[in-house]
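Architecture at a glance
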Amino acid sequence: MLKSITWRLSFARRLFHKSLRLLDAGDPFSTSEAVMAAQDGLETFLVAVCNHLELNPSPKGAGSVVQKPAKQIPSGKQHVHRFEALNKLRVNIKHYGTAPQEHAARVLVAECYGHCKSIASADLGINLDELSLSDGIPNQLVAGALAEAEKLIDDADARGFLKCVGFAFRYAHKRLSTGFSGRRIARVDRGKSFEEGEFA
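Cut-off values and rules
Residues numbered from 1 in each chain as written. Predicted model: local features only at pLDDT ≥ 70, side-chain atom pairs only at ≥ 80, totals over all residues. Heavy atoms only, no water. Helix = DSSP H or I, 4+ residues; strand = E, 2+ residues; numbered from the N terminus. Buried < 20%, exposed > 50% of the residue type's maximum accessible area, 1.4 Å probe, protein only. Areas by Shrake-Rupley, 256 points an atom, 1.4 Å probe, with all protein chains shown as cover. Core = buried A, V, L, I, M, F, W, Y, C linked by side-chain atoms within 4.5 Å. Phe/Tyr/Trp six-rings, centres within 6.5 Å; stacked < 30°, edge-to-face > 60°. Lys, Arg positive; Asp, Glu negative; His and termini not counted. Salt bridge = Lys/Arg side-chain N within 4 Å of Asp/Glu carboxyl O. Contact = heavy atoms within 4.5 Å. pLDDT = per-residue confidence, 0-100. Axes fitted to C-alpha atoms, helices over the stretch in contact; angles between N-to-C directions. Parallel < 35°, antiparallel > 145°, perpendicular 65-115°, else oblique. Left-handed = near helix turned anticlockwise from the far one by under 90°. Nonpolar A, V, L, I, M, F, W, Y, C, P; charged D, E, K, R; others polar.

To continue, consider the overall build of the protein. Each helix and strand counted, the protein has 7 helices and 2 strands in total. Counting from the amino terminus, helix and strand elements in the protein follow one another as α-α-α-α-α-α-α-β-β. The buried share of the protein, taken over its 200 residues, is 42%. Surface accessibility of the protein: about 11,000 Å² in total, with carbon and sulfur atoms responsible for 54%.

In structure tokens:
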């Protein structure tokens, strides 16, 4: 998968997560912002999937910015009506100033995110929740260090995170500037050492 596709899928997931957090506030402005974020995430996701599958995300003819790409994706066709419902909420907010009901928005955002996860599984063979920006890094050692750093973010381990990211940066910088000799590298996150590929 191209790095640009991985990045867009990760960004779409981030927008959905932002939307779900905003919905917890329960006020009309946060609910409206949540719908806008979710619809942006949905559109970004659908176009990225179309691009990866080499499908045209905006064929000629009638259809919204989510309807057209969803109809091109094999497992996306069955979810078009729910995607279009989210898009209509966005249109009502943006063009008519109508705030959505918080419960209806919450249900629809969760459904659309769930449908995106099922499309990612069926059509891309990936788990959207486990997708990592490190998946687009060709060097397995650096990618592994950054993947471990992502887990440490979830665990709120700032020190471990910084050690992993620092290692990845130093290793990539050294490899790009002087080449890699194959010698052992000090593993900074736990004081151990490892060979290239151990993080993979």
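Core analysis: the biggest nonpolar cluster contains 35 residues, and Leu9, Phe45 and Leu46 have the highest contact counts within it. For this core, the secondary-structure elements that each account for two or more residues are α1 (3-23), α2 (28-52), α4 (80-96) and α5 (102-124). Counting 6 residues, the second-largest nonpolar core is a separate cluster that includes Leu141, Ala145, Phe167 and Ala168.

So, on to the packing of aromatic side chains. Applying the stated criterion across every chain, the model contains 3 aromatic pairs. With a centroid separation of 5.2 Å and 15° between ring planes, the pair formed by Trp7 and Phe11 is classed as stacked. In this pair, Trp7 and Phe11 both sit in helix α1, 4 residues apart, roughly one turn of the helix. Since its relative accessible area comes to 47%, Trp7 is described here as partly exposed.

Here we take up the side chain of Glu84. Here Glu84 lies in helix α4. For the buried residue Glu84, which engages in no salt bridge, the nearest side chain bearing the opposite charge is Lys88, 5.2 Å off. Every residue in contact with Glu84, bar those within four places of it in the chain, is listed here: Ser64, Val66 and Gln67.

Looking now at unusual backbone geometry. Despite not being glycine, Glu54 has its phi angle at roughly 60°, a positive value. Along the chain, Glu54 falls in the loop between α2 and α3 (67-72). Look at Glu54 and you get exposed, because its relative accessible area is 73%.

For the rest of this paragraph, the subject is the confidence of the model for the protein. For the protein, per-residue confidence averages 84 on the pLDDT scale, and residues scoring 70 or more make up 86% of the total. Segment residues 179-200 is flagged for pLDDT under 50; beyond a separation of four residues in sequence, or across chains, it makes 48 contacts in the model.

Following the criterion strictly, the structure yields 5 salt bridges and no others. With its nearest N and O atoms 2.7 Å apart, the salt bridge here joins Arg106 to Glu102. Taken together, the residues Arg106 and Glu102, both in helix α5 and 4 residues apart, mark about one turn of the helix. Here Glu102 falls in the partly exposed class, since its relative accessible area comes to 27%. Each member of the salt-bridge network shares a partner with another, and the members are Asp24, Glu102 and Arg106.

Let's shift gears to the packing of α2 against α5. Packing of α2 against α5 brings their axes to within 10 Å, and their N-to-C directions diverge by 15°. Compared by their axis directions, α2 and α5 come out roughly parallel. The chirality of how α2 crosses α5 is left-handed. Facing Thr31, Val35, Ala38, Leu42, Phe45, Leu46, Val49 and His52 of α2, the residues of α5 in contact are Glu102, Ala105, Val109, Cys116, Ile119, Ala120 and Leu124. Its residues placed into classes, the contact of α2 with α5 shows 12 nonpolar, 2 polar and 1 charged.

Take the packing of α1 against α5 next. The description of two packed helices rests on the angle between their axes and on the distance between the axes. The N-to-C vectors of α1 and α5 enclose an angle of 160°; their axes lie 10 Å apart at closest approach. The angle between the axes of α1 and α5 places the two elements in the roughly antiparallel class. You can see that α1 and α5 cross each other, and the crossing is left-handed. Within the contact between the two elements, α1 uses Leu9, Arg13, Phe16, His17, Ser19, Leu20 and Leu23 and α5 uses Glu102, Ala105, Arg106, Val109, Cys112, Tyr113, Cys116 and Leu124.

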